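# Tertiary structure, described
Each chain, written out:
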Amino acid sequence: MSLADIQQVLDEELIRIAAYTASCAELDARPVIGILVGTALISETTYQSCITEVVV
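Parameters and conventions
Residues numbered from 1 in each chain as written. Predicted model: local features only at pLDDT ≥ 70, side-chain atom pairs only at ≥ 80, totals over all residues. Heavy atoms only, no water. Helix = DSSP H or I, 4+ residues; strand = E, 2+ residues; numbered from the N terminus. Buried < 20%, exposed > 50% of the residue type's maximum accessible area, 1.4 Å probe, protein only. Contact = heavy atoms within 4.5 Å. Areas by Shrake-Rupley, 256 points an atom, 1.4 Å probe, with all protein chains shown as cover. Pairing = 2+ DSSP bridges. Core = buried A, V, L, I, M, F, W, Y, C linked by side-chain atoms within 4.5 Å. pLDDT = per-residue confidence, 0-100. Patch = residues over 30% accessible without salt bridge, like charges linked within 9 Å, V, L, I, M, F, W, Y side chains within 5 Å. Salt bridge = Lys/Arg side-chain N within 4 Å of Asp/Glu carboxyl O.

Turning to the overall build of the chain, a few remarks are in order. Counting secondary structure elements, the chain contains one helix and two strands. Starting at the N terminus and walking to the C terminus, you meet the elements of the chain as α-β-β. For the chain, the residues scored as buried account for 21% of the 56 residues in total. Contacts in the chain between residues far apart in sequence, at least 24 positions, make up 44% of those at least 6 positions apart. Accessible surface, the chain: about 4300 Å² in total, of which carbon and sulfur atoms supply 58%.

Written out as structure tokens, the structure is:
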């Protein structure tokens, strides 16, 4: 899985996590933060990560 593949999955999941995060916001008055993390293991010692944050 390449870095571009990970970014595509994060982009696809963004709507789902945003809806989930928004529904959790009603449970507490504090700001809710959702984080998606994708990691590509390139080799035993090398990896790449993408992080997307959602604040509601």
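So, on to the pairing of strand S2 (residues 47-55). Across nine bridges, strand S1 (residues 33-41) lies against S2 in antiparallel orientation. Residue Gly 38 lies in a different strand from S2, and its bridge partner there is Cys 50. The hairpin turn running from S1 into S2, its antiparallel successor, is five residues long.

Membership of the largest hydrophobic core is limited to seven residues, which are Ile 6, Leu 10, Ile 17, Leu 36, Ala 40, Cys 50 and Val 54. Counting only elements with at least two residues in this core, the list comes to helix H1 (3-25), S1 and S2. When residues of this core are assigned to their parent elements, the largest contribution, three residues, is made by H1.

When pLDDT drops low, the exact placement of atoms in the prediction is not to be read closely. Summary statistics for the chain give a mean pLDDT of 76 and a share of 84% for residues scoring 70 or more. Across the chain, the element-wise mean pLDDT spans from 76 in H1 up to 79 in S1.

Before going further, it helps to spend a moment on the environment of Glu 13. Topologically, Glu 13 is positioned in helix H1. Separated by 39 residues in the primary sequence, Glu 13 and Thr 52 place their C-alpha atoms 10.0 Å from one another.

On to a nonpolar patch on the surface. Together, Ile 33, Ile 35, Val 37, Ile 51 and Val 55 line one region of the surface with nonpolar side chains, adding up to about 510 Å² of accessible area. The leading source of residues in the nonpolar patch is S1, at three residues. Of note, Ile 35 is situated in strand S1. For Ile 35, a relative accessible area of 52% translates into the label exposed.

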